[in-house]
Structure formats: structure tokens, C-alpha cells
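# Reading the structure
Next come the chains, spelled out residue by residue.
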Amino acid sequence: MVRSRISADLGNVVHQTQAAARLALPGAIALGYVVPAMPAVPDPDAVLGWLTDQVFSDADYLGDDLFRFPAESVCGTAGVVDPACVAAVDQAALRIRVDDGDGEALHFYPQLGPDHDEPVDIAVTHDALTITADLDGAASALSAVAAALGAQAPRAELAGQIAFELRVAGPAHVLAALAIDRPIAGALADPGGSLDGAGAVTFTAPAGELLSIDLDANARTFAGHLDLGGIGAQTPDHDYLIATATGEAAFDGTALELSGLALSVSESVGQHVAATLAVSELAATIASVDGREELTPAPRLELASFVDHGLLGDPPPAFDVTHLVIDGVVRGDAARLAVTNGSLSVATSPSQFSFVANAGTCVTAAPWAIAACE
């Protein structure tokens with residue numbers, strides 16, 4: 001029953017998601033200038049086959065709806081199993097309990113440690129996948145993971161709940177949402193340390209919907225919502241804060257309309273600000289034009305950043321971008337950006353790498369150089 005539901009129900013969710021993700025949205029080139037390349041997404045059929053053939057096999061069934069997690073299924077390379085890896089995974093006592101008691105969803109509860117804690121609930125129906133993590137019950141599971149890695153279990157206090165939902169709304173049409181249902185708060189310290197001492201690691205995040213998307217490849221439409229704010233983390237030497245990260249996106253088959261875009265993040269060292277990145281609130285349109293992307297911000301895109309490499313203890317690069325303004329329209333691909341209207345200005349530290357590109361000029365991506373567009 002478990003394997004057939006994985007193939008039929010989870011298979012439907014992942015295949016419809018894969019079909020929806022084939023919708024080509026403008027913006028990939030623009031993101032490529034600021035975001036590193038993302039790893040390849042695993043083949044859905046390979047993942048489903050791994051679950052049905054290896055994880056939920058008859059050989060690993062323990063009875064009473066429990067399955068042993070087969071460490072050898074993740075500890076092999078080119079057919080050679082690493083015994084040390086197997087021992088570490090087995091040390092965590094990872095098992096999976098399966099329950100379909102509600103008559104609709106098939107629930108998977110990974111169990112960790114000798115107490116068989118279940119901090120995560122994975123629920124699957126024919127049209128939905130929901131993952132709920134309850135941090136209130138995750139401290140002992142964290143200890144089990146530490147033991148598996150051969151480390152001493154830290155002192156820990158964890159609270160909050162986070163949930164992810166992926167729902168099939170139709171052929172090649174999916175809805176997804178990530179939300180914090182209960183405020184997240186956590187503290188970690190060495191086994192003999194204090195959770196509120198200088199050596200502790202703490203993190204907090206308020207309740208709310210962080211991200212939602214509506215992706216329909218058949219209708220060629222997309223809508224997205226992002227709202228991060230008040231998320232912080234503190235280590236013995238560094239403080240991190242996402243004060244604001246917001247945005248709305250809508251695609252109608254021709255152009256991607258962005259609104260309410262804003263960003264403010266910072267890192268501090270010893271009560272001193274070491275790095276900041278801020279984008280002033282704006283709207284923008286991204287459209288594909290002759291195989292290139294055209295970005296039109298309104299009123300303009302303004303980014304400001306600051307880095308104190310001495311405080312961070314890292315070697316400075318050749319230069320840092322400290323201020324970037326697009327006051328007009330730019331169009332380009334991964335190698336070259338053309339200013340078709342207005343100007344693009346970049347200020348750097350040291351200043352000799354700064355430039356202003358006006359309408360009719362192009363900027364190459366690597367290395368930066370300005371020339372008349374061909």
C-alpha cells in the first residue's frame with residue numbers, strides 16, 4: 001500500500017510540479033548577475049524509484065507500520081558502500097512510521113533517537129504534499145543527530161512550527177506556500193554552557209507567511225509573494241538580521257511585473273556593523289526582448305552596500321560595489337548589459353572601478369568594461 005501510494009499520489013504531485021516548472025519566466029538572466037547558479041533538481045522518477053525500491057522495501061519493514069531507514073541507500077558511491085557512513089546513520093536510529101488513519105492523507109513520521117521522536121509530519125494525498133516541522137519536540141532529535149556525527153549533544157531549547165504546502169490545482173498548475181505557524185525561537189550551547197550566555201547561538205523568526213506561489217504552465221501565468229522580516233540569528237561573534245525582504249510578482253505570459261520590492265539585511269561583529277545590503281522599495285517590469293531581458297524599474301533601482309572586511313576577518317576583493325543605481329532601462333544577456341534609456345551607475349570601493357553607463361552604451365559582465373553597443 002505504501003509503495004503504491006507513493007507512486008500514484010506523491011508521483012502525481014511531483015510530476016505536475018515538474019510540468020508547471022517548465023513555464024519559462026523572464027528574470028533568470030537578471031538573477032544570474034546577483035545569485036550563484038543553483039544545483040540541478042533531482043530527477044523525480046529517480047527519487048520516486050529510490051523511495052519505492054530502497055527506502056520502503058519489504059526488507060526494511062519492522063512491523064506495526066514502521067520502516068528502518070536503509071543507511072546503505074545514501075552511503076554508497078558508484079556501488080561502493082561506506083561502512084563509517086552506515087554506522088553514523090544507524091547511530092541516529094532513523095526510522096519512518098507510516099499512518100493513514102485519517103482516511104485521506106498518508107502520513108510519514110521520521111523518527112530519530114532512542115526516544116523515537118517525531119518532529120516532522122510529511123502528509124501526502126493525490127493532490128498535495130504538506131511538511132510540518134514542530135520545533136518544540138526537536139531538541140532530543142538534534143541530540144541524536146549529534147551523536148550520529150560523533151559529537152557531544154548541545155544544550156538546546158527550540159520552539160515554533162514551520163509548514164510547507166505544495167498543492168496541485170490542475171494539470172501543470174501548482175500552488176505552494178511556506179509559513180511559520182508559531183514564532184520560531186531557539187538557543188544552542190555547548191553541553192556545559194549557558195543558553196543565555198555569550199557562547200550561545202540563538203535565532204528567532206516571527207509567525208507569518210514567508211512565501212507563496214501560483215504557477216500555471218498551461219495558462220502561462222505566475223503569481224508570487226515574499227515577506228521576510230524580523231528574522232535574526234546570533235552567534236558568539238556575529239549577529240545577522242533580515243530586517244526586510246518583500247516583493248510581489250505577477251506574470252501574464254508576456255512580462256513579469258514586480259512590486260513592493262525592498263531588502264534590508266545586515267551582519268554585525270561585536271556590536272559593530274560589519275556588512276549591510278539594502279534595496280530601496282521599487283517596482284519593476286522584466287520582459288523578454290529578442291532573446292534578451294529588459295528591466296524597467298520604477299521609479300528606479302537603487303542598491304547600497306557596505307562591507308568592513310577587517311571586522312569580518314576576510315581578505316578584501318579587488319573591489320566592493322557600494323552603490324548601484326539603474327535610472328532608466330537596461331537590456332541584456334548573461335554576458336552584456338545595454339543601457340537603452342537613462343543611465344546605470346556603479347560606485348565601488350576603491351573608487352577606480354566605479355563607472356557610469358549612459359544610454360547607447362553596453363557593460364560587459366566579466367570583466368566589467370564599457371563600450372558602444374554594436
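What this report covers is the structure whose coordinates are included nearby. (Residues numbered from 1 in each chain as written. Predicted model: local features only at pLDDT ≥ 70, side-chain atom pairs only at ≥ 80, totals over all residues. Heavy atoms only, no water.)

### Focus: the pairing of strand S7 (residues 120-125)
For the record, the criterion: What makes two strands pair is DSSP finding at least two bridges between them. Secondary structure elements follow DSSP: runs of H or I no shorter than four residues count as helices, runs of E no shorter than two count as strands, and numbering proceeds from the N terminus.
The sheet contact formed by strand S6 (residues 106-111) and S7 spans 3 bridges and is antiparallel. Bridged to Phe-108 within S7 is Ile-122. Across 6 bridges, the pairing between S7 and strand S8 (residues 128-134) is antiparallel. Residue pairing for S8: Ala-123 is matched across the bridge by Thr-130.

### Things to note about the state of the cysteines
Quick reminder of the rule: Note on disulfides: each one is a pair of cysteine sulfur atoms within 2.5 Å. Exposure categories follow from relative accessible area, calculated using a 1.4 Å probe and restricted to protein chains: below 20% of the type maximum is buried, above 50% is exposed, and the middle band is partly exposed.
What the rule picks out here adds up to 2 disulfides. Bridging Cys-75 to Cys-85, the disulfide has an S-S length of 2.0 Å. The S-S bond linking Cys-75 to Cys-85 shows a torsion near -65°; that makes this disulfide left-handed. Residue Cys-75 is located in the loop between strand S2 (66-68) and strand S3 (76-77), and its partner Cys-85 is located in helix H4 (residues 83-91); the two are separated by 10 residues in the primary sequence. Here Cys-75 falls in the buried class, since its relative accessible area comes to 5%. With its sulfur 2.1 Å from that of its partner, Cys-362 forms a disulfide with Cys-373.

### Quick notes on helix H1 (residues 2-20)
Selection rule: Expected span of a helix, by definition, is 1.5 Å for each gap between consecutive residues, and there is one gap fewer than residues. To obtain the bend at a residue, axes are fitted to the seven residues ending there and to the seven starting there, and the angle between these axes is taken.
Taking 1.5 Å per residue as the helical rise, H1 with its 19 residues ought to reach 27 Å, and the 26 Å between its terminal C-alpha atoms agrees with that figure. When the local axis directions of H1 are compared, the greatest deviation, roughly 35°, occurs at Gly-11. Of the positions making up H1, those classed as buried are Val-2, Arg-5, Ile-6, Asp-9, Leu-10, Gly-11, Asn-12, Val-13, Ala-19 and Ala-20.

### Quick notes on unusual backbone geometry
Ala-298 connects to Pro-299 through a cis peptide bond whose omega is -5°. Counting through the fold element by element, Pro-299 comes out in the loop between strand S18 (292-298) and strand S19 (301-307). Omega for the bond connecting Ser-349 with Pro-350 falls within 30 degrees of zero, at 0°, which places this linkage in the cis form. Following the sequence through the fold, Pro-350 ends up in the loop between strand S21 (336-349) and strand S22 (355-358). Unlike most non-glycine residues, Asp-65 shows phi in positive territory, near 65°. Mapped onto the elements of the fold, Asp-65 is located in the loop between strand S1 (61-63) and S2. Accessibility expressed as a relative area gives 44% for Asp-65, which makes it partly exposed. Positive phi, close to 55°, is recorded for Arg-220, a residue that is not glycine.

### A short note on the nonpolar core
Applied cut-off: Here, nonpolar core refers to any group of buried Ala, Val, Leu, Ile, Met, Phe, Trp, Tyr and Cys residues whose side-chain atoms link them within 4.5 Å. Residue contacts follow a heavy-atom distance rule, with two residues in contact if any of their heavy atoms lie within 4.5 Å.
Counting residues in each nonpolar core, the largest one holds 43 residues, and the members touching the most others are Ile-6, Phe-56, Phe-108 and Leu-344. For this core, the element with the most residues is H1, which contributes 5 residues. Apart from the residues lying within four places of it in its own chain, the contact partners of Phe-56 are Val-2, Arg-3, Ile-6, Leu-51, Phe-67, Ile-96, Val-98 and Phe-108. Leu-158, Ile-184, Ala-205 and Leu-210 belong to the second largest nonpolar core, which has 7 residues in total.

### Section: the pattern of salt bridges
Just so we agree on the cut-off: By definition, a salt bridge exists where a carboxyl oxygen of Asp or Glu is found within 4 Å of a side-chain nitrogen of Lys or Arg.
In total, this model carries 10 salt bridges according to the counting rule given. Among the salt bridges present, the one from Arg-3 reaches Asp-58, with a minimum N-O distance of 3.1 Å. Here Arg-3 is found in helix H1, whereas its partner Asp-58 is found in the loop between helix H3 (44-55) and S1, with 55 residues between them in sequence. Looking at Arg-3, the relative accessible area reads 31%, which means it is partly exposed. Between Asp-60 and Arg-68 there is a salt bridge whose closest N-O contact spans 2.7 Å. For Arg-68, a relative accessible area of 25% puts it in the partly exposed group. Each member of the salt-bridge network shares a partner with another, and the members are Asp-60, Arg-68 and Glu-72.

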